[in-house]
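Descriptive analysis of the structure
Here is how the chains run, residue by residue.
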Amino acid sequence: MSVMIEAENVRFTYPGAASPALDGVSVAIERGAFTVVLGHNGSGKSTFAKMCNAVLLPDEGSVSVEGMDTRNEELLLAIRQRVGMVFQNPDNQIVANVVEEDVAFAPENLGVPPDEIRRRVDASLHAVGMDEFVTHAPHLLSGGQKQRIAIAGVLAMRPDCIVLDEATAMLDPMGRREVLSTVRRLNREQGITVLLITHHMNEAEDADRVLVMDDGRIVMDGTPKEVFSRVEQLRDTGLTVPETVELLDRLCQDGMPMPLDALSVDECADAIANALARKG
Amino acid sequence: MESILQIRHLTHTYSIGTPFERDAVRDVSFEVGRGEFLGIIGHTGSGKSTLIQHLNGLLRPTEGQVLLSGRDIWAEPKKIRDVRFRVGLVFQYPEYQLFEETVYKDIAFGPVNQGRQGAELDRCVRDAARLVGLREDQLDKSPFELSGGQKRRAALAGVLAMEPDVLILDEPTAGLDPVGRETLMENIRAYHREQGKTILLVSHSMDEIARNVDRILVMKSARILMDGTPPEVFSRSEELLSAGLDIPHAARIAIALRRRGLDIPPDVYTVDALEREILRLRKETVPC
Amino acid sequence: MLKDITLGQYFPGDTIAHRLDPRTKILLTTLYIVALFSANGFVSYAVMIACLILSVRLANVPPRAMVRGLRPVLFIIVFTAVLNLFFTPGGREFFRWGFLTVTETGIKTALFMVLRIMLLIMGTFLMTYTTSPISLTDALESLLNGLKRFRVPVHELSMMMSIALRFIPTLIEETDKIMSAQKARGADLEGGNLMQRAKAMIPILVPLFVSAFRRADELATAMECRCYHGGEGRTRLHVLRYQRRDYNALAIGGVICVCVFVLGRLGW
């Protein structure tokens, strides 16, 4: 697998801040992977996200996108076209007051010919399941729908990677499900690399890889099963574990040996049923 | 239990006389007992936001009544402000309402409107700050210097400082991280424990509801779908799921275990209870 | 409450009035205004009224919506009517009370002034009813394109305008929310004298400004992330192109304008 985004020993301090937001982050995000970055507020996860398409530039170290250094200003448009960003507040990233005009915004900026813009707008709205809303006013849509429009707006640039910077934080459970299933589908069907920044543990359950950040560093890195079975360490970083793991962990402590990597509800139920059956 | 709020056949219709006319709340009746911790759940658009804005007189019912301590809150429309002091409403993302130069002054806004002053004002501001876990030295800061979670606390204190009899919280933990959510809910639980005040909690997080409340109202399409204790409501998990609502994760695991033939009672919906039940099953299956 | 304000609300539709190029509509509205100000007698006003009624029919906009647009300026209309009615000398005198007189010219002037204001408002509203704000700004950008030579930042202005239009509903909703939140803390927004009322606005305006700045900041970042780098090299999804119907409409509009101008000169 080739590398989509590579960070090397990135350090960054916000102007006027006492401690660094990123304190030596080195990681390579593989092309086509679905990676989730977890961390409490202030852990540096959002700062890391903003490094991925040159919204922020490292004070020390470097970030490169498909080999392009983000500090090279001449490559700025090329980098941003390849790595699209979806932000937290759905209202503050919609530019136009008609859905299709908003989705067309990026290709317009890139100077794409009108016919091709039309094709891209239709394809992007189709990919996020919002075909029927082409001429709607975005401010009347639900939070989940607005975020899907934002994703479509990014897709219209034909990016290789989408970074969702806490894009689900302000949504209700239904909106969150809409957004998640949309990006999962894009990842699976179109091979788009996804970097999802969140503090909802359950969103990480079927990721390819989970990174946990704390104090501006990556403190855990592995598959969801590997990361979530380290219950104590997760709690120390101010995170919780999914209820499934929480239950299994407690049963272990009650003297009932349980695998901690049964993440999904069904896996967890199977593990418990098996354990009880063995006993009997 | 003596009821503090009585809602009788409440209907609220938006945009009357236009093609957009619709009922946001339709013929809703329920009572809230003094000191009760009531949870309200339902989809976005199920009518819960409209409903709670009736309880402190921000909205006026199209039909029906809201009674506070047995009195119709609209009996004297000029005194509706007194109702707002007695029924404190904290909106979603309340940090966006902060405006004063210092946190102290912002918390004092409500009590000053109430006519409090001097030592009495100082006491209720400091009490409220303590309840939400703000430190003394943070009171002199500008609210805009605080972190996201602290701003939320300051805004919550602004309502608590009015010392309302009923506190309504609309998604108080939305957007906070797990630790922020847990500590804020702990503050709210402590407030309920210490002051014995009535609390209405609107939340999308079933786990939060399951862990905290005495009773749950489930709203769907402008009406009340269920009204009962958490065991009563969550034992109807399948029904909740088919209404498009979430259920606590522990209840999902319980359903999956039941499907595998394990004898888990229907009213199990917390990790604690589930843990107990599994240990019980384990003991029962100890080989002879 | 605040949501009821009509801010040149757009009524989507597919009539000839909707299909016209937005630039054509701006030009036609300009012609209409020129004609309106040269109208000077019963005949010319009748022509203008006929034009408006015909356009409203063609646009299929409910007449009630047209009348609703007049509500905010009702005071100005009444004020103009009263002023002209009582203070215009000339012609036969019908009534006199102190310094107030009602004369033949007075009645005529009052009637024409009221008509002029009403027609002006309704005509421009008709344009905004049938043209989406975004195509209006596009049209303005295109019409003013020539000014770029004089270093007028036409693209930037039109981008600012369309973003303002986009955020009006969001900010109105936000204002409603903040007002409710402060009312819940006992803010009294209705009572008191002018000073007290102005002071009562602070708890609403401060959060509103803070939030508007935050939104602007986030929006700017989001736009940059979508490769926005000014107007240079920018293409558009919808390219404005004049059709046969636009030339026809402009020709008809031009002829009527000239006719009304001549009628006005003749005092008809």
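Small disclaimer: the values here were computed from a predicted structure and weren't measured.

We now examine the overall build of chain C. If you tally the helices and strands in chain C, you get 11 helices and two strands. Secondary structure of chain C in N-to-C order comes out as α-α-α-α-α-β-β-α-α-α-α-α-α. Projected onto its principal axes, the C-alpha positions of chain C cover 70 × 60 × 40 Å. Sorting the 268 residues of chain C into buried and exposed places 42% on the buried side. For chain C, contacts bridging at least 24 residues in sequence account for 72% of all contacts bridging at least 6. In the structure as shown, chain C presents an accessible area of about 15300 Å², 68% of it carried by carbon and sulfur atoms. Taken as two groups, the 30 positive and 18 negative side-chain charges of chain C have centres that lie 6 Å from each other.

Let us now look at the packing of aromatic side chains. Under the definition given, this model contains 10 aromatic pairs over all chains. With a centroid separation of 5.0 Å and an interplanar angle of 85 degrees, the aromatic rings of Phe 99 of chain B and Phe 109 of chain B are classed as edge-to-face. Of this pair, Phe 99 of chain B sits in the loop between strand 6 (87-90) and helix 3 (103-114) while Phe 109 of chain B sits in helix 3, and the two are 10 residues apart along the sequence. For the pair formed by Phe 99 of chain B and Phe 109 of chain B, the shared burial category is buried. Put simply, the rings of Phe 42, Tyr 45 and Phe 112 of chain C pair up and form one aromatic cluster. Taking NZ or CZ as reference, Arg 166 of chain C lies 4.2 Å from the ring centre of Phe 167 of chain C, over its face.

Moving on, we come to the confidence of the model for chain C. All names here are of chain C. Here chain C averages 86 in pLDDT, and 97% of its residues register 70 or above. Below pLDDT 50 for its whole length, residues 1-7 participates in 12 contacts with residues either more than four positions away or in separate chains. This prediction of the complex comes with two scores: 0.87 for pTM and 0.91 for ipTM.

With that settled, the discussion passes to the environment of Thr 270 of chain B. All names here are of chain B. Note on placement: Thr 270 falls in the loop between helix 10 (249-259) and helix 11 (271-284). Spatially, the C-alpha atoms of Thr 270 and Ser 3 are 28 Å apart, while their sequence positions differ by 267 residues. Thr 270 has contacts with Ala 210 and Ala 250, leaving out every residue within four places of it along the chain. A polar contact is formed between the side chain of Thr 270 and the backbone nitrogen of Ala 273, at a distance of 3.2 Å.

Our next topic: the interface of chain A and chain C. The extent of an interface is frequently quoted as the accessible surface area lost upon association of the parts. Taken together, the contacts link 35 residues of chain A with 29 residues of chain C. Taken together, the two surfaces of chain A and chain C that pack against each other cover about 3000 Å², and 56% of this comes from carbon and sulfur. Connecting chain A to chain C are four salt bridges. Of the charged contacts in the structure, one is a salt bridge between Arg 236 of chain C and Glu 101 of chain A, with a shortest N-O distance of 3.7 Å. Linking chain A with chain C are 15 residue pairs in polar contact (both at pLDDT 80 or more). Mapped by element, the contributors of at least two residues to the side of chain A that touches chain C are helix 2 (76-82), helix 3 (99-109) and helix 4 (114-127) of chain A. Per element, the largest residue contribution to the side of chain A that touches chain C is 10 residues, and it comes from helix 3 of chain A. For the side of chain A that touches chain C, the residue count by class is 18 nonpolar, 10 polar and seven charged.

So, how was this worked out
- Residues numbered from 1 in each chain as written.
- Chains lettered and ligands numbered in written order.
- Predicted model: local features only at pLDDT ≥ 70, side-chain atom pairs only at ≥ 80, totals over all residues.
- Heavy atoms only, no water.
- Helix = DSSP H or I, 4+ residues; strand = E, 2+ residues; numbered from the N terminus.
- Buried < 20%, exposed > 50% of the residue type's maximum accessible area, 1.4 Å probe, protein only.
- Contact = heavy atoms within 4.5 Å.
- Areas by Shrake-Rupley, 256 points an atom, 1.4 Å probe, with all protein chains shown as cover.
- Lys, Arg positive; Asp, Glu negative; His and termini not counted.
- Charge placed at Lys NZ, Arg CZ, Asp CG, Glu CD.
- Phe/Tyr/Trp six-rings, centres within 6.5 Å; stacked < 30°, edge-to-face > 60°.
- Lys NZ or Arg CZ within 6 Å of the ring centre and 35° of its normal.
- pLDDT = per-residue confidence, 0-100.
- Polar contact = N/O pair within 3.5 Å; in protein donor to acceptor, adjacent residues only side chain to side chain.
- Buried area = accessible area lost by both parts, 1.4 Å probe.
- Salt bridge = Lys/Arg side-chain N within 4 Å of Asp/Glu carboxyl O.
- Nonpolar A, V, L, I, M, F, W, Y, C, P; charged D, E, K, R; others polar.

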